[in-house]
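Summary of structural features
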Amino acid sequence: MPDAPNSAPTPHAPQPIGPFAALLGWVLGTALQLQQAVLSPGWLVGILALAGGLLCAMLLRLRALRLSRAQRLGAWLLAAALMGFAATGLRCLVYDGQALDPALEGRDVLITGVVSDMPQRNESGLRFSLETEAATLEGRAIAVPPRIDVGWYGGLDSMAGGQLALQRQPGDVRAGERWRMTLRLKAPHGSRNPFGFDYELWLWERGVQATGYVRAGSSDPEPKRLEQTWKHPVALLRQLVRERIYAHVEQRQFAGLIAALVVGDQNAIDQVDWDVFRATGVAHLVSISGLHITMFAWGAAWAMGWLWRRSARLCLALPAPDAALLGGVLLATAYSLFSGWGIPAQRTCLMLAAVALLRMAGTRWPWPQVWMLACAVVVGVDPWALLQAGFWLSFVAVGVLFATDAGLPGHAEGVLRNTASRLGAMLREQWVVTVALAPLTLLLFGQVSLVGLIANAFAIPWVTLVVIPLSMLGVVLPLLWDGAGLAIALLMAVLQGLASWPWATLTLATAPWWMAAAGVLGGLLLVARLPQHLRGLGLPLLLPVLLWQAPLPPVGQFEMLAADIGQGNAVLVRTAHHALLYDAGPRYSLESDAGHRVLLPLLQALHVRLDLLVLSHRDTDHVGGAAAVLTMQPQADLLSSIDADDRLQSLRPAQRSGRCIAGQHWEWDGVQLDILHPQAADFDAPHSSNAVSCVLRIQSAGAEPHTALLVGDIERPQEQRLVALQAPLKADVLLVPHHGSKTSSSELFLDAVQPREAWIQSGYRNRYGHPAAEVLQRYEKRGIVVHDSPHCGAMTWRSDSPAQTLCVRSEEMHYWSHRVP
Ligand SMILES: [Zn+2]
């Protein structure tokens, strides 16, 4: 070729560029598909698939095609990208076709199906997945999605004829059983918050297209177990082993941890213990993560190879390195299956299998190409992995193992030859990976444990060599579980000591993704085996993300963020240098509340240190997350209408906890804050909790000040009195009183406030029917724009751009997002 600049023979033949470009293209095409807000129509997907296929065929058939290396690279990249995009698009279209018919929401549907998972029991009831087989509505056969997440709760049934009746308690449900039960269904709907967990994506990825709860009131038909099937034997086995663990180990805390390690039941671990694990950076040891499986495969491959070498006949039949590889992958897959076949474990098994097959086929690809293959295989099976921090964490972990040339079963042969200190090498690898992943963890999760290095140096060998073997062998000899319990007790004692150190964890504001990506690249450059001048580039790439500060309002202005916490109130107000949280959202169940689930992660991602927590009144949809917030933000003062003997008051000394009383006024960075209600005398008279809701008015500085009014659950009488007292009610934004209940938002009040925007914080399909249709009409009649959390997700408004409210749901629309009717 005339354009070839170098005619001298090269010492190595150049690597064929096709495979790498194709793998990269596939991943990029899939990544592009994930950016869609709405799915492409079928005809477009078909054309893209056809174009990609044709291009592939041309590249494969016409080898004589005179393409330069760059042209060939580009053509492969394009062809594979088209195919990747089309394959994922097609899959989504098929899946979307099985979605729950919105007309079925809120209806009682009689469903027959098989329990496909080990049920999770907690204080409030039972949760499990159901594979549906048949469904009827009022005797008519209907189509429902193939997989439904079901909750079965005990307790009181308030809907039974207006009277409280005891519900049927959840039955004894086992994996593989066929049941017929009446379910009330709902489309997958989760809260949407900035930097928050995307529940709808999580359900989409798991193939769950509806959630529902068992109708178990006294007037409902009784749920009926039909038979035990042989579907899902692994899930059943796991359930039986879990029952044995609980029967044998008396202390619940230890039993939970053993269950987590043996059958992957992470829900069995107490919230308090999780906090300790996170604070000391050893959470990866007790959750069946990708790293966990990789390490298991590594150990299994080593053991397999060692055993294989004992027999000459076996070695003749199959070389020991191949047997080690195969054994490692198979045993790791078996362990993953037994530990619940969670998505991170599935991904890791796929990566390991792809790499092992490549090695056994004798292909000698350079490691970046093998790494790219692992990525492409996972993305082919589970495209949405690309959006998960956990995937990137295990993907980089596998990369680090490649780069340091150990760890993976693929390299087990090399390690096997080195007979000295194999065990030591394995533990060292695990520690190296933990250390190497620390910066990435900080970027992806905004938090890294500083005492983690010390904690891991002890916990890795202790858990790997003592706790896990004892827990696993206990399946055969339950006596060993007692030993495991003792080992866990020691582990917890050490970790609790470490977690109590000040500055045990380092947190970081969540930076824009491109800064984070540059930071990851920088971190990789720093640890890679590269010439010094290239490594030096790592630091400048890493700096922006480390120095990143979330943008704050200028002096004199403020920003409001109404978190999407379901049915309840929680509004974060920030000025240039101060922050307050107005209410702390609901409690969801005995184990979970808006504080742990939404508010603490949000405050951490935004790097907010609260100066003040205002609790409008004591109702549980306003104080459900308060204990969590007060505990994690010890510097925040408390201002509320709750009683002096309330449990929450014990979390603050009396001098830092006050009662809100009309007339209180303070200024933060030029922003004026005023309490308008209740009056001091209101507390002396008998009153409902709603009637003493703290009403907070916030006003920006400047010639044209803008105002927000947060009113809790005040009702008509309090509204009337505020108007009668001529309180300064006029506001740009109003947090709609009592979530839009009929008892509030009186015409007189609305005419006094005259908001441009009204925010309703309510739950999707909440049982109170908030907001009431007639209340909505009152707002509409006055031309007030209404936003509610089911449609909007979290809402944001800034006093320096007061024209509109920003909705997370419309700002970040994805094709898997629930379109609320
Ligand atoms: Zn309320």
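About the thresholds
- Residues numbered from 1 in each chain as written.
- Predicted model: local features only at pLDDT ≥ 70, side-chain atom pairs only at ≥ 80, totals over all residues.
- Heavy atoms only, no water.
- Phe/Tyr/Trp six-rings, centres within 6.5 Å; stacked < 30°, edge-to-face > 60°.
- Helix = DSSP H or I, 4+ residues; strand = E, 2+ residues; numbered from the N terminus.
- Buried < 20%, exposed > 50% of the residue type's maximum accessible area, 1.4 Å probe, protein only.
- Core = buried A, V, L, I, M, F, W, Y, C linked by side-chain atoms within 4.5 Å.
- Contact = heavy atoms within 4.5 Å.
- Pairing = 2+ DSSP bridges.
- Axes fitted to C-alpha atoms, helices over the stretch in contact; angles between N-to-C directions.
- Salt bridge = Lys/Arg side-chain N within 4 Å of Asp/Glu carboxyl O.
- Donors = N, O, S within 2.8 Å, 3.2 Å for Na, K, Ca; no water.
- Tetrahedral: all angles 85-135°; square planar, octahedral: opposite > 155°, others 65-115°.

A word on the packing of aromatic side chains. The final tally for this structure, using the stated rule, is eleven aromatic pairs. Between Trp152 and Trp179, the ring centres sit 5.7 Å apart and the planes meet at 85 degrees, which makes this aromatic pair edge-to-face. Of this pair, Trp152 sits in strand S5 (residues 147–153) while Trp179 sits in strand S8 (residues 177–186), placing them 27 residues apart in sequence. For Trp152, a relative accessible area of 3% corresponds to the buried category. What makes Trp179 buried here is its relative accessible area of 4%. On the basis of an interplanar angle of 70 degrees and a centroid distance of 6.2 Å, the ring pair of Trp204 and Trp384 is categorised as edge-to-face. Of the two residues, Trp204 is situated in helix H4 (residues 199–206) and Trp384 in the loop between helix H13 (367–381) and helix H14 (389–403); the sequence distance between them amounts to 180 residues. On the accessibility criterion, Trp384 (4% relative accessible area) is buried.

Core analysis: the biggest nonpolar cluster contains 38 residues, and Ile245, Ile258 and Phe277 have the highest contact counts within it. Put simply, the parts of the chain that give this core at least two residues each are helix H5 (233–248), helix H6 (252–263), helix H7 (271–279), helix H8 (283–286), helix H17 (452–473) and helix H18 (480–499). In terms of residues, this core owes the most to one element, H6, which gives nine residues. For Phe277, the contacting residues outside a window of four places in its chain are Leu257, Ile269, Val282, Ala283, Val286, Met492 and Leu495. Core analysis: the next-biggest nonpolar cluster, separate from the first, contains 30 residues, Leu572, Ala579, Leu610 and Ala636 among them.

Here the focus is the environment of Thr507. Mapped onto the secondary structure, Thr507 falls in strand S12 (residues 505–507). On the accessibility criterion, Thr507 (30% relative accessible area) is partly exposed. Taking C-alpha positions, Thr507 is 7.2 Å from Gln604, a pair spaced 97 residues apart along the chain.

Let us look at the sheet that holds strand S14 (residues 571–574). Spatially, eight strands are ordered S18-S17-S16-S15-S14-S13-S26-S27 in an open sheet, and the strand pairing comes out mixed. Because the sheet does not close on itself, it has two edges, and the strands there are strand S18 (657–659) and strand S27 (801–807). Within the sheet, the average angular offset between the axes of one strand and its neighbour, ignoring direction, is 15 degrees. As defined by bridge partners, strand S17 (residues 637–640) adjoins S18 across three bridges and the pair is classed as parallel. Each residue of the ladder has a partner; that of Ser640, found in S18, is Arg659.

With that settled, consider the sheet that holds strand S19 (residues 665–668). The mixed open sheet is built from seven strands, whose spatial order is S19-S20-S21-S22-S23-S24-S25. Edge positions in the sheet fall to S19 and strand S25 (785–788), since each of these pairs with one other strand and no more. For this sheet, the mean angle separating the axes of adjacent strands, direction not counted, is 20 degrees. Where strand S23 (residues 733–735) lies against strand S24 (residues 757–760), three bridges are found, and the strand directions are parallel. Considered in S24, the bridge of Leu735 is made with Trp759.

According to the stated counting rule, one finds 26 salt bridges in the structure shown. Ionic pairing is found between Glu774 and Arg778, a salt bridge with its closest N-O pair at 3.6 Å. In this pair, Glu774 and Arg778 are both assigned in helix H27 (residues 773–781), four residues apart and thus about one turn of the helix distant. The class of Arg778 is buried, set by a relative accessible area of 11%. Connected via shared salt-bridge partners are Glu133, Arg178, Glu227 and Lys231.

Within the first shell, the zinc ion binds the protein through Asp621 (OD), His622 (NE2), Asp713 (OD) and His739 (NE2), at distances of 2.1 Å. Around the zinc ion sit four donor atoms; with metal-centred angles ranging over 85 to 153 degrees, the donor geometry is irregular. The sequence pattern formed by the donor residues of the zinc ion is D-H-x90-D-x25-H. With a gap of 92 residues between them, Asp621 in helix H23 (residues 620–623) and Asp713 in the loop between strand S22 (707–710) and helix H25 (716–724) connect regions that are remote in the sequence. By the burial criterion, Asp621 is buried, and Asp713 matches it.

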